[in-house]
Amino acid sequence: MANHFDGPPALIGEDRQNLEAIYRYLQTMSDQLNMAMNSMTIENFAPSTQKQLSSAISGGETQKEIKGTKNALRSMIIKSAEIVKNEMQEISTELQGQYQAMSEQFGELDQKLSLQIDANAKGIQQNYEYFEQLTGRADGTDDYIKHYNNYIFMGQIGLREDTLEPVYGLAIGEGVTQYDDQGNPYLNNNAKVATFTKDRMSFWQGATEMAYFSDKKLYITDAEILSKMTMGNYVWKIQADGSMGLMVQNQTNS
């Protein structure tokens, strides 16, 4: 059924009259749109859309296709949104500690610790920074600086690829910034991170997942066995001459 919508009124009166006319027009348009939406059926859509709707209603669309449609729709909404609201309450605090020791004979030692805690609805991140500097040594040896940056994060650590639903867990790793011998920062692309969720434990180097444990199985890129590897009742073991031998478990105990 076709719906007819009148055009906006001509604004020829005083401001008050024009505002009243616009208000009445918008109210009428709202009522017509609500009525049209409530009376829509599959026949109101284009043939291709009718086919998809009929398939979904009859159960012909698989669960995977439904998820794909939802993800595509979500992406289209975000990309075409004219109004975006992103509200997040945040709490931030910093704790610091400092140690200093001075010796006329051996020089001066400075140690600084800091803990930055940031919390919002996605999780809690704790950034740990350690700084150590040794200067003014009487023996003339070079000064040195040590600087470390690590973090622990509890909360949303990622999104599932199939459903885009949030994944919650724990991440422990190095900060993205490291420091050279002079204390100057630089980006560390090989930062190591360990992540733990309810169904997966992973170890990362940069953006590469080097190893993970899931579903009673361990997956690893490289493995180095220093002594022996046991599989059921059999053992791969490095022999005295450096070779590797396969033997039964009870033989290794004799």
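Now for a look at the structure at hand. Only a predicted model underlies this, so the values are computations on that prediction, with no experimental measurement involved. (Residues numbered from 1 in each chain as written. Predicted model: local features only at pLDDT ≥ 70, side-chain atom pairs only at ≥ 80, totals over all residues. Heavy atoms only, no water.)

**What to know about a nonpolar patch on the surface**
Link 1 in the chain: There is a patch of nonpolar side chains on the surface, built from M201, F203, F213, L218 and I220 and spanning about 470 Å² of accessible area.
Link 2 in the chain: When contributions to the nonpolar patch are tallied by element, the ones reaching two or more residues are β9 (201-205) and β11 (217-220).
Link 3 in the chain: For I220, the position within the fold is in strand β11.
Link 4 in the chain: Taking the relative accessible area as the measure of exposure, I220 reaches 47% and is therefore partly exposed. (Patch = residues over 30% accessible without salt bridge, like charges linked within 9 Å, V, L, I, M, F, W, Y side chains within 5 Å. Areas by Shrake-Rupley, 256 points an atom, 1.4 Å probe, with all protein chains shown as cover. Salt bridge = Lys/Arg side-chain N within 4 Å of Asp/Glu carboxyl O. Helix = DSSP H or I, 4+ residues; strand = E, 2+ residues; numbered from the N terminus. Buried < 20%, exposed > 50% of the residue type's maximum accessible area, 1.4 Å probe, protein only.)

**Some remarks on the packing of aromatic side chains**
Link 1 in the chain: Scanning all chains against the criterion turns up two aromatic pairs.
Link 2 in the chain: Centroid distance Y130 to Y148: 6.0 Å. Interplanar angle 20°. Geometry classified as stacked. In this pair, Y130 is assigned in strand β3 (residues 123-135) and Y148 in strand β4 (residues 144-159), connecting sequence segments 18 residues apart.
Link 3 in the chain: Judged by relative accessible area, Y130 falls into the partly exposed class, the value being 23%.
Link 4 in the chain: Judged by its relative accessible area of 44%, Y148 is partly exposed.
Link 5 in the chain: Seen in terms of ring centroids, Y212 and Y219 are 4.6 Å apart; in terms of plane orientation they differ by 20°. Their pairing is stacked.
Link 6 in the chain: On the basis of relative accessibility, which here comes to 34%, the residue Y219 falls in the partly exposed class.
Link 7 in the chain: Over the aromatic face of Y212 sits the side chain of R200, whose NZ or CZ is 3.6 Å from the ring centroid. (Phe/Tyr/Trp six-rings, centres within 6.5 Å; stacked < 30°, edge-to-face > 60°. Lys NZ or Arg CZ within 6 Å of the ring centre and 35° of its normal.)

Just geometry here; none of it tells us what the structure is for.
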